[in-house]
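Given next are the chains, with one letter for each unit.
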Amino acid sequence: LGVAEALIGGMKAELDFETKQWYSATGAIHVLAVSGMHVAILFWVLNASLGLVLNRKRLPFIITILALLWTYAVFTGLSPSVCRSTVMFSMIQLGIYFRRDDNPVNTLILSAIILLIIMPNWLYDVGFQLSYMAVLGILVLLPSLKSAITFRNRLLRWFWEISMVSIAAQIFTLPLTLYYFHQFPNYFLIANPLVSIVSTLLLPLGLVVLLIYPVPVIGSFLGVILKYTIDVLNGVVFYIQNLPNALTTGLQISILSVALLYLFIWIFVKYLEYPEARYAKSMALIALVLSSMGLYKVYEQNRQLELTFHFIPNGSGLSFIKGRNATFISTDSLVNEPLIHQFHLKNYYDFSGIKNKNTGTIKEKGSWDFEIEKKKIQWIKGRIKTKINPDTDFLLISNNAGYYVENLKAYKGIVILDGSNSKRAIEKIKEENIEPQSKLVVLYDTGSKTFQL
């Protein structure tokens, strides 16, 4: 149900975390977000079906196509990628009616200009950026990739062309996906053609089921077909994500690296058109610079030594990082919760190049004194009468424990108030006039706080 709602209607409320991880690990997560691919499939189906009864060059056909495309766009929530595709295909249809030549790249750029005039903030939307780069890659790179190898067998040629569409889109979105998501699906070339084939059947089938489900027998029959088609899709994705080394994680690049990668891709496109030595030398030079930057980043990561207090809403936790090893300390319920890692630790650990992850647990209530790299930490959690060790460097207060700390006003170290404290408890501690005031860190205000050790 979750996959059907996401794929057909853009609604993700029923999608569970595990299913999202399957699709993410195979590079097929775009299937679960109604995107340009879905609009393209719908456009193709509408053209093929309506073309049987209406003249494709006449105004009634154009109006019907545009009305149905924009109805679907509104139905799915007008996401940036859907709007981009709908605007593009609308312009293509209008171009056919007015008998104007179609330049796909110009159409793509004009659609971006139109949408950004209406919604300027979409320029910073990740989906908008990935959508346009994927289509640009298909338009610019696909012709050269398709002609690299030719097959006489129609089935092999068709499968090769689908694979090249995935490669072209992946190449142009790679710098952005590495920058935002820090991972790469190693089997995307296997997953994407298979997923594309099945999802091409699913979208029109799902829309037909929505329209005729009340019809006895026929509606139920199509519903059963839809269910088993989704089972096939999920089965393919689950099998591929279970293959060894399906996903490379922990990849972290800078804005400068993104710019250099796109420069490399642009020169690569030119090289495919004009295979000259100067282009090959330029690509080699950029590869050398990127490799040097990567080696220096790893060198810096191997020397890092830091302590981070995480802002977790209604929760608490800290991480100790030494080199490329990390230890996350929290309660049993949080260290074993995958969503905590996904939303509060993953990006930080990826940025730090963490390879080995460990956990440590504390109880739900109590006071603990421990030492990390000669820094003394006292963690007070829950409503218990507690005295502060005057030698403590960091005092972490959780679950409104500040009400019961006896000598808080006299403490001279760094006080950390995490996300498990109520706003009222935080305000009370602020009123205590802790000296010096700059040593009070409220994670509600700062977000997660890192200290170099």
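Whatever comes next refers back to the structure up there.
Report on the accompanying structure.

## Remarks on the overall build of the protein chain
So, step 1. The helix and strand inventory of the protein chain stands at 16 helices and twelve strands.
So, step 2. With respect to the three principal axes, the spread of C-alpha positions in the protein chain is 85 × 65 × 45 Å.
So, step 3. Long-range pairs, those at least 24 residues apart, make up 57% of the contacts in the protein chain between residues at least 6 apart in sequence.
So, step 4. Carbon and sulfur atoms make up 62% of the accessible area of the protein chain, which totals about 24,200 Å².
So, step 5. The centroid of the 40 positive side-chain charges in the protein chain is displaced by 6 Å from the centroid of its 29 negative side-chain charges.

## A closer look at the pattern of salt bridges
So, step 1. Under the criterion given, the structure shown has five salt bridges.
So, step 2. Residue Glu-276 pairs with Arg-278 through a salt bridge whose shortest N-O separation is 2.7 Å.
So, step 3. Judged by its relative accessible area of 53%, Arg-278 is exposed.
So, step 4. Lys-322 is the salt-bridge partner of Glu-373, the closest N and O atoms lying 3.3 Å from each other. Of this pair, Glu-373 sits in the loop between strand S7 (366-372) and strand S8 (375-381) while Lys-322 sits in strand S4 (residues 318-322), and the two are 51 residues apart along the sequence.

## Quick look at the nonpolar core
So, step 1. Within the largest apolar cluster, 38 residues are counted, with the highest numbers of intra-cluster contacts made by Tyr-23, Leu-69 and Leu-233.
So, step 2. Of all the secondary-structure elements, those providing two or more residues to this core are helix H1 (2-9), helix H2 (17-25), helix H3 (36-50), helix H4 (59-75), helix H5 (80-97), helix H9 (188-212) and helix H10 (218-241).
So, step 3. Beyond its immediate sequence surroundings of up to four residues, Leu-233 is in contact with Val-3, Leu-7, Tyr-23, Val-31, Val-195, Val-198 and Leu-202.

## Let's talk about unusual backbone geometry
So, step 1. Phi at Glu-373 is positive, roughly 50°, even though this residue is not glycine.
So, step 2. Positive phi, close to 50°, is recorded for Asn-399, a residue that is not glycine.

## Some remarks on helix H14 (residues 338-351)
So, step 1. With 14 residues, H14 ought to run about 20 Å at 1.5 Å a step, and its terminal C-alpha atoms sit 19 Å apart, in line with that.
So, step 2. The largest bend in H14 amounts to roughly 60° and is located at Leu-345.
So, step 3. Among the residues of H14, the N-terminal cap falls to Glu-337, whose side-chain oxygen and the backbone nitrogen of Leu-339 are separated by 3.1 Å.
So, step 4. Count one or two residues on from H14 and you reach Gly-353, which has phi positive near 70°.

## Comments concerning the environment of Thr-392
So, step 1. Mapped onto the elements of the fold, Thr-392 is located in the loop between S8 and strand S9 (394-398).
So, step 2. Along the chain, Thr-392 and Val-415 lie 23 residues apart, while their C-alpha atoms are 10.0 Å from each other.
So, step 3. If near-sequence neighbours (up to four positions away) are discounted, Thr-392 is found in contact with Asp-369, Lys-376, Ile-377, Gln-378, Tyr-411 and Gly-413.
So, step 4. Of note is the side chain of Thr-392, whose polar atom sits 3.0 Å from the backbone oxygen of Asn-389.

## A closer look at the packing of aromatic side chains
So, step 1. For the structure on display, the rule yields 14 aromatic pairs.
So, step 2. Each residue in the set Trp-122, Phe-128 and Tyr-132 is aromatic and connected to the rest through ring pairs, giving one cluster.
So, step 3. Sitting above the plane of the Tyr-228 ring, Lys-227 keeps its charged end 4.6 Å from the centroid.
So, step 4. The cationic tip of Lys-423 hangs over the ring face of Tyr-444; the distance from NZ or CZ to the ring centre is 5.0 Å.

## Description of a nonpolar patch on the surface
So, step 1. On the surface, a cluster of nonpolar side chains totalling about 650 Å² of accessible area is made up of Ile-109, Leu-110, Ile-113, Ile-114, Ile-117, Ile-118 and Met-119.
So, step 2. Inspection of the secondary structure assignment puts Ile-114 in helix H6 (residues 104-118).
So, step 3. Residue Ile-114 is classed as partly exposed on the basis of its relative accessible area of 33%.

## A closer look at the side chain of Ser-420
So, step 1. Within the fold, Ser-420 resides in the loop between strand S10 (414-417) and helix H15 (423-431).
So, step 2. A polar side-chain atom of Ser-420 sits 2.8 Å from the main-chain amide nitrogen of Asn-399.
So, step 3. Beyond its immediate stretch of four places on either side in the chain, Ser-420 contacts Ile-312, Asn-314, Gly-315, Ser-316, Ser-398, Asn-399 and Asn-400.

## What about the environment of Asn-55?
So, step 1. Within the secondary structure layout, Asn-55 lies in the loop between H3 and H4.
So, step 2. C-alpha separation for the pair Asn-55 and Ala-73, spaced 18 residues apart in sequence, amounts to 24 Å.

## Notes on the sheet that holds strand S5 (residues 325-331)
So, step 1. Spatially, five strands are ordered S6-S5-S4-S3-S12 in an open sheet, and the strand pairing comes out mixed. Either end of the sheet is taken by a strand with one partner, and the two such strands are strand S6 (356-362) and strand S12 (449-452). On average, each strand axis in the sheet is inclined to that of its neighbour by 20°, with strand direction left out of account.
So, step 2. In this structure, strand S3 (residues 305-309) lies alongside S12, joined through four bridges in antiparallel fashion. Looking at S12, one finds that Glu-306 is bridged to Gln-452.

## Description of the pairing of S7
So, step 1. Taken together, the seven bridges between S7 and S8 define a ladder with antiparallel strand orientation. Its bridge partner lying in S8, Glu-371 is registered against Lys-376.
So, step 2. Counting the residues in the hairpin turn of S7 and S8 gives two residues, including Glu-373, whose phi is positive at 50°.

## As for the sheet that holds S8
So, step 1. Read from one edge to the other, the open sheet built from five strands follows the order S7-S8-S9-S10-S11, with strand pairing classed as mixed. Looking at the sheet topology across the chains shown, the edges are occupied by S7 and strand S11 (440-442). Recorded for the sheet is a direction-independent mean angle of 20° between the axes of neighbouring strands.
So, step 2. Docked against the sheet, H15 engages S9, S10 and S11, running at close to 165° with respect to S11.

## Examining the pairing of S10
So, step 1. Neither face of S10 is left uncovered, since the one carrying Ile-414 and Ile-416 and the one carrying Val-415 and Leu-417 both have all their residues buried.
So, step 2. Here S9 runs beside S10; their pairing, made up of four bridges, is parallel. Looking at S10, one finds that Phe-394 is bridged to Ile-414.
So, step 3. Alignment of S10 against S11, held across three bridges, turns out to be parallel. Paired with Ile-416 across the strands is Val-441, a residue of S11.

Criteria and thresholds
- Residue numbers restart at each chain and count upward from 1, following the sequence in its written direction.
- It should be noted that, the model being predicted, local features are given only for residues of pLDDT at least 70 and side-chain atom pairs only at 80 or more, the latter also being counted only at that level, while totals for whole chains, interfaces and linings use all residues.
- Only hydrogens and water are set aside when side-chain values are computed; all heavy atoms of the structure are taken into account.
- Here a strand is any run of E in DSSP of at least two residues, a helix any run of H or I of at least four, and the numbering for each starts at the N terminus.
- Working rule for contacts: check all heavy atoms of both residues, and any pair within 4.5 Å makes them a contact.
- Residue burial considers only the protein chains on display, and all accessible areas are found by Shrake-Rupley using a 1.4 Å probe.
- For the purpose of charge, His is not counted, nor are the chain termini; Lys and Arg are scored as positive and Asp and Glu as negative.
- Charged groups are reduced to one reference atom each: NZ for lysine, CZ for arginine, CG for aspartic acid, CD for glutamic acid.
- The salt bridge definition used is simple: a Lys or Arg side-chain nitrogen within 4 Å of an Asp or Glu carboxyl oxygen.
- Each residue's exposure class comes from its accessible area (1.4 Å probe, protein chains only) as a fraction of the maximum for that residue type: buried when under 20%, exposed when over 50%, partly exposed otherwise.
- Among buried residues, those of type Ala, Val, Leu, Ile, Met, Phe, Trp, Tyr and Cys that are joined through side-chain atoms within 4.5 Å constitute a nonpolar core.
- Any helix carries an expected span of 1.5 Å times its number of residues minus one.
- Values of bend correspond, residue by residue, to the angle between axes fitted over the seven residues ending at that residue and the seven starting there.
- Whenever a nitrogen or oxygen atom comes within 3.5 Å of another N or O atom, the pair is scored as a polar contact, on the condition that within protein one atom can donate a hydrogen and the other can accept it, and that pairs from neighbouring residues in sequence are kept only if both atoms are in side chains.
- Any Phe, Tyr or Trp ring, taking Trp's six-membered ring, that has another such ring centre within 6.5 Å forms a pair; planes under 30 degrees apart are called stacked, those over 60 apart edge-to-face, and the others tilted.
- Criterion for a charge above a ring: Lys NZ or Arg CZ within 6 Å of the ring centre, and within 35 degrees of the ring normal.
- To count toward a patch, a residue needs a relative accessible area above 30% and no salt bridge. Like charges then connect within 9 Å, nonpolar side chains (Val, Leu, Ile, Met, Phe, Trp, Tyr) within 5 Å.
- A strand pair is defined by DSSP finding two or more bridges across the two strands.
- Simply put, an axis is a line fit to the C-alpha atoms, just over the touching stretch for a helix, and the angle between two N-to-C directions goes from 0 to 180 degrees.

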